[in-house]
Amino acid sequence: MTLARLVLVICLAVAGPAFAQTADDPARLEAGNRIYDRVFPDEASLIDYVLPYVPNDNPRAKSTASDIIRRLDPAWLHNAFVSSLALAYTLPELVAYERFLATPEGLAIWRKTPQFDRAFNQLLELRMKTIGAI
């Protein structure tokens, strides 16, 4: 076994259990639930969040977004969102995220995330095609 492979195995052995446990951390899950409740207080907020991901040329975009949410299942979306937060962030980061979302500016930035993602990803995809990366 090479030294690089040995270091990788040791890092995975040390980090693996900690990473696997984060989704089960009650404090992180509780913080994730509070964040979810703040950013998605009702189905309309879910629709508003999904809507920018629906193609602009779709004349029934709002009903399409609503249909997508129903097919995804709001309970599944909730669990996926909360567990993803618990996996991605430490408890201090989640607490800071909650404070950020408690401000009008933070919530406004959150609500504009889909528009930003769509605009940036379109530019990124175009550039990657231009340079032959995809």
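Criteria and thresholds
- Residues numbered from 1 in each chain as written.
- Predicted model: local features only at pLDDT ≥ 70, side-chain atom pairs only at ≥ 80, totals over all residues.
- Heavy atoms only, no water.
- Phe/Tyr/Trp six-rings, centres within 6.5 Å; stacked < 30°, edge-to-face > 60°.
- Helix = DSSP H or I, 4+ residues; strand = E, 2+ residues; numbered from the N terminus.
- Buried < 20%, exposed > 50% of the residue type's maximum accessible area, 1.4 Å probe, protein only.
- Expected span 1.5 Å × (residues − 1).
- Arc of directions from axis to C-beta.
- Polar contact = N/O pair within 3.5 Å; in protein donor to acceptor, adjacent residues only side chain to side chain.
- 1 Å grid on protein atoms, 1.4 Å probe; cavity = no way out; pocket = protein on both sides within 12 Å on 5 of 7 lines; lining within 4 Å.
- Points joined across faces, edges and corners; volume = space filled by probe spheres on them.
- Nonpolar A, V, L, I, M, F, W, Y, C, P; charged D, E, K, R; others polar.
- Patch = residues over 30% accessible without salt bridge, like charges linked within 9 Å, V, L, I, M, F, W, Y side chains within 5 Å.
- Areas by Shrake-Rupley, 256 points an atom, 1.4 Å probe, with all protein chains shown as cover.
- Salt bridge = Lys/Arg side-chain N within 4 Å of Asp/Glu carboxyl O.

Colleague: Can you walk me through the packing of aromatic side chains in this structure?
Modeller: The geometry of two aromatic rings is summed up by the distance between their centres and the angle between their planes. This model, assessed by the stated rule, comprises 10 aromatic pairs. Between the aromatic rings of Tyr 36 and Phe 81, the centroid separation amounts to 5.5 Å while the plane-to-plane angle is 65°, which identifies the pairing as edge-to-face. Of this pair, Tyr 36 sits in helix H2 (residues 26-39) while Phe 81 is found in helix H5 (residues 74-88), placing the two residues 45 residues apart along the sequence. A residue is classified by how much of its surface remains accessible, and Phe 81, at 18% relative accessible area, is buried. Each ring, one from Phe 40 and one from Tyr 49, has its centre 5.5 Å from the other, and the planes form 80°; the classification is edge-to-face. Like Phe 40, the residue Tyr 49 is buried in the burial classification.

Colleague: Even after reading the chapter, I still don't get H2, so can you show me in this structure?
Modeller: Owing to its 3.6 residues per turn, the α-helix brings residues three or four apart onto one side. The terminal C-alpha atoms of H2 lie 20 Å apart, and with 14 residues this matches the ideal 20 Å at 1.5 Å per residue to within 8%. Within H2 the residues assigned to the buried category are Arg 28, Ala 31, Gly 32, Ile 35, Tyr 36 and Val 39. One side of H2 carries all its buried residues, which in axial view fall inside an arc of 140°. At the N-terminal end of H2, a side-chain oxygen is found 3.0 Å from the backbone nitrogen of Ala 27, two or three residues along, and the residue is Asp 25.

Colleague: Whenever I open this one, the environment of Leu 94 confuses me. Can you help?
Modeller: Position of Leu 94 relative to the elements: it lies in helix H6 (residues 91-101). Taking the relative accessible area as the measure of exposure, Leu 94 reaches 0% and is therefore buried.

Colleague: Sorry if this is basic, but what is going on with the layout of surface pockets here?
Modeller: Its volume calculated, the largest pocket comes out at about 230 Å³. A total of 4 residues in the lining of the largest pocket trace back to one element, the largest contributor, which is H5. Classifying every residue of the lining of the largest pocket by side-chain character gives 13 nonpolar, no polar and no charged.

Colleague: Teacher, can you tell me more about a nonpolar patch on the surface here?
Modeller: On the surface, Phe 116, Phe 120 and Leu 124 cluster together into a nonpolar patch covering about 300 Å² of accessible area. For Phe 116, the position within the fold is in helix H7 (residues 104-130).

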